[in-house]
Amino acid sequence: MATNFFQQQDLARRNTKVLILLFALAVLALIVLTNLLVMVSVSLFQGAPLQLPWEVISSISLVVIAVVGLAIMAKWQRLKLGGRAIAEALGGNRVSPSAQDPLQRRLLNVVEEMALAANLPVPPVYLLPEKGINAFAAGYSPADAVIGVTQGALEQLSRDELQGVIAHEFSHILNGDMRMNIRLIAVLNGILFIGHLGYYLLRAGRGASYARSRRNNNEGAGAIMLLGLGLVVIGYLGSFFGNLIKAAVSRQREYLADASAVQFSRNPSGIADALKRIGGHQYGAKVQHANADEVSHLFFGEALSRWVSIFATHPPLEKRIRRLDPSWNGRYPASQAPVKPTPSQAAEQPQERQRRAMLAAIPVLLMQSSHQTRSAQAIACALLLRTDTLAAQLTAIKAYGGSQLLAEVDQLSDPVQRLALPQQVQLLQMSVPALKQLSESEFRAFDTLLRHLAGNTPDLAQWLSLSLLEHVVASEFDSKELVRQYNRQNLAELLPALLPLLSAVANAAGDSSRQQQAWQAALLALQLDTTTAQPAVQFSQLDQALRPLLTASPAVKQQLWQAILAAVTADKTASVAEQGLLNLLALLLEMPLPVTDDFS
């Protein structure tokens, strides 16, 4: 059965509410324990039993809440750039889109395939110097998502197995797990900070005890040490609560991602064999980096050794395998020596032929160009060229981008323009990692050029392409572009933003009668009054409407998507151009498209 990703995103949002409830309970427990600890420490210092007045208890409780809150905000600030921040914190190095190392090239190709199959922007890829077989997806949304893969996975997994692992990570992106996982990192940092404070007080108490040892006045130092030791114990309890929360939130999502991965890879044995490979590998899925603990719930496999199974962030390996391969004999394959295929060997594999067939309509020149930063810029410019303003646009390219970019555009514009819209969209998706290698100043200048090329009256496909590039690439530099949380507006409240977009979609249907037919179909899908006037399309108005639609809840986005589908298919036909528009709309609005046989 196909996964309904809108429903799964909504479930992830509800799981976030569960996370907040569990966090509140954990903080309440920390408040109670801290008050008891202070009471015992003060009693020891004064040498007599003591009851704390409510004013003191309230103050201690507020301090605990403030300390936990500040720790969460500090971690949240460090994670403001999303997936890239997490990958770099784990020691990951970004793999260049133009990398020629055979294993890295194979990895990039697999990530590209899965992104196109899932209709997502191709994410940057990070390589972790770890011997264990593991991978992760991190970010707030598809716009800033990254894929991280360990060196062990790169060397130990076959292409089919690697494809299964990457498909699993793309499932997390589509299921809406990434945003929840980042929040979990920040929340757990707040809970564990009490323990870190305890270690600090314990060291301070030891120093005070040593300084006062000659004066036989150690009561104060002893109380500080007791307070510090108690906070360390509370910190361990916080770790206990935190690991329980991680386990409760993440384990069932792993089963779902395993099942969803099969939809993309079309190969159930790929992910099952990857899990078996972990079981037989001498390093398993272990990640040795010091920061692995706080992000252990992000990984494909159990990254840390757990002494109690209830703390495991992933289901048992055997259970995951048997769900995918009921006939498994229970034996794991032995670790294999790292294989370094030559480029010619990699190109001869059947899966590479399948990849070329999937992208057969895109010339090799354009595919290779999409992996180079300057050529990717030229591709984006070529998508915005129009015959009626071509001379002015070429002048603008030379003025804003220079003669080298103009030469690239001159070389690539004809093959780009000859592609059907769905293939142009795929080319745009493949260009994203290369464009994200621009510096912030280079991107700002490039964005100015794109805006100049689009002008005030682009067609819908051009506006969608421009807006997609601005949103996805800008997320690399500007945390304000990230969709960190959903707004609480319902469909009725979003109508001022929604109707202009639907009007633009309806206007792309053809002649006036088809436009009216598409508009009526959209209104019926939303159960709105069919006499609702169709607003005139102004792309400046669409720019303003984009943010509320991007941050709409999954339930509202599903309603919007049904209206878009109704408008596009109102004439009972589905042209190639309409499929391209649907792909662009889904990419821009971060809506999951059903997996189709187009990518099999």
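Thresholds, definitions, all that
Residues numbered from 1 in each chain as written. Predicted model: local features only at pLDDT ≥ 70, side-chain atom pairs only at ≥ 80, totals over all residues. Heavy atoms only, no water. Helix = DSSP H or I, 4+ residues; strand = E, 2+ residues; numbered from the N terminus. Buried < 20%, exposed > 50% of the residue type's maximum accessible area, 1.4 Å probe, protein only. Areas by Shrake-Rupley, 256 points an atom, 1.4 Å probe, with all protein chains shown as cover. Pairing = 2+ DSSP bridges. Contact = heavy atoms within 4.5 Å. Axes fitted to C-alpha atoms, helices over the stretch in contact; angles between N-to-C directions. Core = buried A, V, L, I, M, F, W, Y, C linked by side-chain atoms within 4.5 Å. Salt bridge = Lys/Arg side-chain N within 4 Å of Asp/Glu carboxyl O. Polar contact = N/O pair within 3.5 Å; in protein donor to acceptor, adjacent residues only side chain to side chain.

Helix and strand content of the protein: 24 helices and four strands. The buried share among the 600 residues of the protein stands at 56%. With the model as given, the accessible surface of the protein reaches about 25,900 Å², and the carbon-plus-sulfur share is 57%.

Pairing is mixed across the open sheet formed by four strands, whose spatial order is β1-β2-β4-β3. Two strands lie at the open edges of the sheet, namely β1 (93-94) and β3 (135-138), each paired on one side alone. As defined by bridge partners, β3 adjoins strand β4 (residues 146-150) across four bridges and the pair is classed as antiparallel. Within the sheet, the bridge partner assigned to Ala 135 lies in β4 and is Val 149. Each of β2 (125-128) and β4 is contacted by helix α4 (residues 102-118), which is oriented at about 135° to β2, the strand it contacts most.

The next point concerns the nonpolar core. By size, the foremost hydrophobic cluster in this structure holds 133 residues, and its most contacted members are Ile 166, Phe 170, Cys 381, Leu 502 and Ile 564. Looking at which element gives the most residues to this core, the answer is helix α20 (residues 491-507), with 11 residues. Not counting chain neighbours up to four residues away, the residues in contact with Leu 502 comprise Trp 519, Ala 522, Leu 526, Leu 560, Ala 563 and Ile 564. Counting 24 residues, the second-largest nonpolar core is a separate cluster that includes Leu 52, Ile 57, Val 64 and Leu 184.

Further remarks concern the pattern of salt bridges. Where charged atoms from two side chains of opposite charge approach closely, those side chains can pair. What the rule picks out here adds up to 13 salt bridges. Close ionic contact of Glu 113 with Arg 159 constitutes a salt bridge, the shortest N to O distance being 2.4 Å. Of this pair, Glu 113 sits in helix α4 while Arg 159 sits in helix α6 (residues 159-174); the two residues are 46 residues apart in sequence, bridging distant segments of the chain. Across the pair, exposure class does not vary: Glu 113 and Arg 159 are buried alike. Members of the salt-bridge network, linked through shared partners, are Arg 84, Arg 94 and Glu 476.

A separate point is the environment of Arg 547. Following the sequence through the fold, Arg 547 ends up in helix α22 (residues 539-550). Using a relative accessible area of 34% as the deciding quantity, one classes Arg 547 as partly exposed. Ignoring any residue separated from it by four or fewer positions in sequence, one finds Arg 547 in contact with Lys 480, Glu 481, Leu 482 and Val 483. A distance of 3.2 Å separates a polar side-chain atom of Arg 547 from the backbone oxygen of Glu 481.

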